[in-house]
Every structure is written in C-alpha cells, then in structure tokens.
Amino acid sequence: MEQSHDINISDRQRQILTIIIEEYVSTARPVASEQIVNGYSLNVSSATVRNDMAELERAGLIVQPHTSAGRAPSERGYRYFVENLMSPKALPADEQRKIRHQFHQVAMEADEWVRLAASVLARTANSAAVATPPRSTAVHLKHFELLAISDARIMLVLVGHDGTVAQQMLNVDQDWSQDELSALATHLNNALAGKTGAEIEEWANEPGNMHSIMVIAPSVLGTLTSMLAKLERHESSQIYREGLAHILNQPEFREPGRMQQILELFEHGTAWTSIIPSVMNQEGVQIIIGDEAMGEGMSAVSVVLARYGLGEKLAGVLGVVGPVRMPYSRSVSSVSYMSQLLSDLLHKSYNPHTGGEAE
C-alpha cells in the first residue's frame, strides 16, 4: 500500500481534491474547474483552479477520463483522501436508536446478530455488506487419536476445544502397532491438551520434551500444528452477504465485465481468504481501495472492514463492499458503529451480569 503522506500539495489543492472526490462520489461524473469555481467559494479564478488541478494530476491524485474536460479521483487520490482529509462522524443518534431496536427484537444468538448486522449495514451504508460469525481466535487442542490404517499409514483425528473435529492421513517410514500409537497419543495428550498450535510448536522446541518419545512424534506434532492453524483460518464459506443489489445499480457495474468482477468477489471471491485474516489481526476500520489488496482486475471495487468481538477470545469481521467511488466517511462511520455494537452484544451475552445497554 502506497504511503500517501509522501505527497506534497498545498492547502488549496487539498480543498480542491476534496471537492472533486465529494462531487464525483455524488454524481459519478468528472468535475470541471468551472463547476468548482461556480459551486464553491474559493475566491480564485478558473485558471488558478485549472493550474491546481494540473498539479493534482501530476501527483497522480486525479485523472482525466477519456476526452472529458473534467477530472475524477484516482485510487491514489482516494487513498490520500481517506488518510489525510476525511473526517468520519458518528451515525446520528436517531439512526443508532433504530439499529439497536432491531437487535433487541432478535433471539440472543450470535449468528443471528451477525446475519442481521450484515442486512442493517447494507441498508445503512447503501452498499453491499459482508460479515463473518464470531469464532475463537485460536483453536485449542482438546485431544487427538492416532489410528493404524495400513502399512506405514496413520490417521490422526483431532478434536478442538469447541468440538470441531478434523482428520488427516500421515505417511510414515515404518509400521506402528495400534498399542504403540495409542501410548504415544496418551502421552502427548497429557502434555498438550488445551494448547494452541503455536503453543504446541513452542513445547516441541523446549529441551527435554522430545526425549525418549517415538521417532514418529515430530511428524505427529507438525501435523497437529498445521491442522490447528487451518481450523483458525476463516474460510469464505463462513461469510454472510447482503445488499448486492445496492452496488449493481451503481453506474460502474453496468458494464458486463465489471458486473462480473463484483459478482465473483461477492459470491465466490478467493480474496476473502487473505483479506479476512489480515483484518482480524488489526484494530480499527481497515479501508482497501481497488487493486491494493483485491488483486489485479478488481480495480472497480473497494471494501471497508472492521474486526469485532471479545478481544483475544472471540472475533469476527464485518464491512461494506462497493465501488471505489464510495462515500468513505459514511461507510467508515457505519462499519465502526456496527462493529462496536456487535462487540457490546457479545460482551453482554458472555458477561450477563455486567449490565448496561449496547450503545
């Protein structure tokens, strides 16, 4: 991601860039210098505005689409705007009350809250919305079993602390009896129960812990850590999606090629498997503009996402998906409020005696 603070423009040029972005977001039409002079009290001539627009274009912050006399923001311009010029405001109090009222009407179940959050967020931001249900941020081993399947092949069956079950085949260099495998599993379960994959890896590296254990143990431990790591990753099948119609009505997606882009991302996009874990590891609202992290061919799409949950215990991600020409301030405010609301609801659910209403 490019660092926009390296760009050196004047205060008036920042003001003009803000006007161009806000006008373009509102109308989807390039903005001309005369429009800026006539619509805003800058107390400068059209020639001066044109010179400033030329500087903004040289800085890569705006572009001239086709043969239009006006200018439109570039991805770099949007990035500069969200990092340096945007001032998100809290959602109005009446909107907050309406949203909270909807959550008080549904059952006290986290997955239902998340489904509703995606629906409400889509309407509030007038965009598409995505949300993942809250899951443990780390999967802890409850126990595992080793089963002798055939010559030099073993089945490892893992049970997580949340009841998740996973299994994987191991190819080994020699035959092992079921008694030997059961003895190893018992020994390791006594030492590893309750640990995460990272903690199991640390345990294996401590001097003395591997002493007098079967030579097969390193393969078993490596498989356990990789299986636990896989269980911790949020897959795209766990995403609730709402409001696709909001963005398909936008002019950017009337072209079949771009419509296909957003449909692919929204319904089947593999980009989520890298984006969601990245957001899970960060605090605050994250803004991804166009090709920054979506990959080549997704230049028409931006996402605004935030983590919600109970600190290091339980977490999910929610946010909005829309055109790069997105009202970022409104999107950030909506996502920020909804993530805080879900966090508060989860806190009340897991700590029912703390009292108070989610704000």
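Residues numbered from 1 in each chain as written. Predicted model: local features only at pLDDT ≥ 70, side-chain atom pairs only at ≥ 80, totals over all residues. Heavy atoms only, no water.

K.L.:
Would you mind going over a negative patch on the surface with me for this structure?
P.N.:
Together, Glu199, Glu201, Glu202 and Glu206 make up a negatively charged patch on the protein surface. Glutamate 199 sits in the partly exposed class, given a relative accessible area of 34%. (Patch = residues over 30% accessible without salt bridge, like charges linked within 9 Å, V, L, I, M, F, W, Y side chains within 5 Å. Areas by Shrake-Rupley, 256 points an atom, 1.4 Å probe, with all protein chains shown as cover. Salt bridge = Lys/Arg side-chain N within 4 Å of Asp/Glu carboxyl O. Lys, Arg positive; Asp, Glu negative; His and termini not counted. Charge placed at Lys NZ, Arg CZ, Asp CG, Glu CD. Buried < 20%, exposed > 50% of the residue type's maximum accessible area, 1.4 Å probe, protein only.)

K.L.:
Would you mind showing me how to read the pairing of strand E7 (residues 165-171) here?
P.N.:
When a strand is regular, its side chains alternate between the sheet's two faces. Where strand E6 (residues 153-160) meets E7, seven bridges bridge the pair, whose relative direction is antiparallel. Its bridge partner being in E7, valine 159 is matched across the sheet by valine 165. Between E6 and E7, which pair antiparallel one after the other, the connecting turn spans four residues, and glycine 163 there sits at a positive phi close to 90 degrees. (Pairing = 2+ DSSP bridges. Helix = DSSP H or I, 4+ residues; strand = E, 2+ residues; numbered from the N terminus.)

K.L.:
Would you mind showing me how to read the sheet that holds strand E5 (residues 141-150) here?
P.N.:
Backbone-to-backbone hydrogen bonds join strands into a sheet, with any given pair of strands oriented parallel or antiparallel. In space, the three strands of this open sheet follow the order E5-E6-E7, with antiparallel pairing throughout. Strand pairing shows two members of the sheet lacking a second neighbour, E5 and E7, which therefore form its edges. Each adjacent strand pair in this sheet contributes to an overall mean axis angle of 20 degrees, direction not counted. (Axes fitted to C-alpha atoms, helices over the stretch in contact; angles between N-to-C directions.)

K.L.:
Teacher, can you tell me more about the pattern of salt bridges here?
P.N.:
Side-chain pairing between opposite charges can occur once the charged atoms of the two side chains come close. Evaluated as defined, the whole model comprises eight salt bridges. Measuring nitrogen to oxygen at the nearest pair gives 2.5 Å for the salt bridge that ties glutamate 55 to arginine 58. Pair noted here: glutamate 55 and arginine 58 are both in helix H3 (residues 46-58), with a separation of three residues, about one helical turn. Using a relative accessible area of 36% as the deciding quantity, one classes glutamate 55 as partly exposed. Arginine 58 sits in the exposed class, given a relative accessible area of 61%. We note a salt bridge from glutamate 95 to arginine 330, for which the minimum N-O separation is 2.8 Å. Highlighted residues: glutamate 95 in helix H5 (residues 93-104) and arginine 330 in helix H14 (residues 328-350), separated in sequence by 235 residues.

K.L.:
Can you walk me through the side chain of arginine 71 in this structure?
P.N.:
Residue position: arginine 71 is located in the loop between strand E1 (62-63) and strand E2 (72-73). The buried category is assigned to arginine 71, whose relative accessible area is 15%. Side-chain polar atoms of arginine 71 contact the side chain of glutamate 57, separated by 3.0 Å. Among residues more than four places away in sequence, those in contact with arginine 71 are Ile20, Pro30, Val31, Met53, Glu57, Ile62, Val63, Gln64 and Pro65. (Polar contact = N/O pair within 3.5 Å; in protein donor to acceptor, adjacent residues only side chain to side chain. Contact = heavy atoms within 4.5 Å.)

K.L.:
Can you help me understand the packing of H5 against helix H6 (residues 110-125) in this one?
P.N.:
Pairs of packed helices are described in terms of their axes, by the angle between the two and the distance that separates them. Two numbers describe how H5 lies on H6: the axes approach to 10 Å, and their chain directions differ by 150 degrees. The angle between H5 and H6 falls in the class roughly antiparallel. Classified by chirality, the crossing of H6 by H5 is right-handed. Contacts between H5 and H6 involve Glu95, Ile99, Gln102 and Phe103 on the former and, on the latter, Trp113, Leu116, Ala117, Val120, Arg123 and Thr124. In terms of residue class, the contact of H5 with H6 is built from six nonpolar, two polar and two charged. (Parallel < 35°, antiparallel > 145°, perpendicular 65-115°, else oblique. Left-handed = near helix turned anticlockwise from the far one by under 90°. Nonpolar A, V, L, I, M, F, W, Y, C, P; charged D, E, K, R; others polar.)

K.L.:
Would you mind showing me how to read a nonpolar patch on the surface here?
P.N.:
Among the surface-exposed residues, Leu147, Ile149 and Met169 lie close enough to one another that they form a single nonpolar patch of about 220 Å² accessible area. Of note, methionine 169 is situated in strand E7. On the basis of relative accessibility, which here comes to 31%, the residue methionine 169 falls in the partly exposed class.

K.L.:
Before we go on, may I ask you to explain the confidence of the model for the protein chain in this structure?
P.N.:
Low pLDDT means the predicted coordinates in that region are not meant to be read closely. Looking at the protein chain as a whole, its pLDDT mean stands at 86, while 91% of the residues score no less than 70. With pLDDT under 50 throughout, residues 355-359 is counted as low confidence; its partners more than four residues away or in other chains account for twelve contacts. (pLDDT = per-residue confidence, 0-100.)

K.L.:
It is not clear to me how the nonpolar core should be interpreted in this structure. Could you clarify?
P.N.:
Among soluble globular proteins, nonpolar side chains are generally buried collectively. Core analysis: the largest hydrophobic core is formed by 59 residues, its most contacted members being Ile36, Phe103, Tyr328 and Met338. When neighbours within four sequence positions are excluded, tyrosine 328 is seen to be in contact with Tyr78, Val82, Met86, Ile287, Ile289, Ser302, Val304 and Pro323. Among the nonpolar cores identified, the runner-up in size contains 26 residues, and Leu181, Ala185, Leu192 and Ala217 belong to it. (Core = buried A, V, L, I, M, F, W, Y, C linked by side-chain atoms within 4.5 Å.)

K.L.:
Looking at this structure, I do not really get the packing of aromatic side chains. What am I missing?
P.N.:
For any pair of aromatic rings, geometry is given as the distance between the ring centres together with the angle between the planes. For the structure on display, the rule yields one aromatic pair. Taking the centre distance of 5.7 Å and the plane angle of 55 degrees together, the rings of tyrosine 78 and tyrosine 328 count as tilted. Within this pair, whereas tyrosine 78 is found in helix H4 (residues 75-85), its partner tyrosine 328 is found in helix H14, the two being separated by 250 residues in sequence. Overall, the relative accessible area of 2% leaves tyrosine 78 in the buried class. (Phe/Tyr/Trp six-rings, centres within 6.5 Å; stacked < 30°, edge-to-face > 60°.)

K.L.:
Can you walk me through the environment of leucine 314 in this structure?
P.N.:
Residue placement: leucine 314 occurs in strand E11 (residues 314-323). Through-space distance from the C-alpha of leucine 314 to that of glutamate 283 is 14 Å; in sequence the pair is 31 residues apart.

K.L.:
Looking at this model, I keep getting lost on helix H8 (residues 197-205). Mind explaining?
P.N.:
Given 3.6 residues to a turn, an α-helix orients residues that are three or four positions apart in the same direction. Restricting attention to buried positions, one finds in H8 the residues Gly197, Ile200 and Trp203. Looking down the long axis of H8, one finds its buried residues gathered within 115 degrees of arc, a one-sided arrangement. Away from its buried face by more than 90 degrees, H8 exposes Glu202 and Asn205. In this structure, the buried residues of H8 make contact with E5, helix H7 (178-192) and helix H9 (217-232). (Arc of directions from axis to C-beta.)

K.L.:
Please clarify how the pairing of E6 should be interpreted in this entry.
P.N.:
Burial analysis of E6 places seven of its eight residues in the buried class, the great majority of the element. As paired strands, E5 and E6 are joined by eight bridges and run antiparallel to one another. Paired with phenylalanine 144 across the bridge in E6 is leucine 158. Between E5 and E6, which follow one another and run antiparallel, lie two residues, and alanine 152 among them has a positive phi close to 60 degrees.

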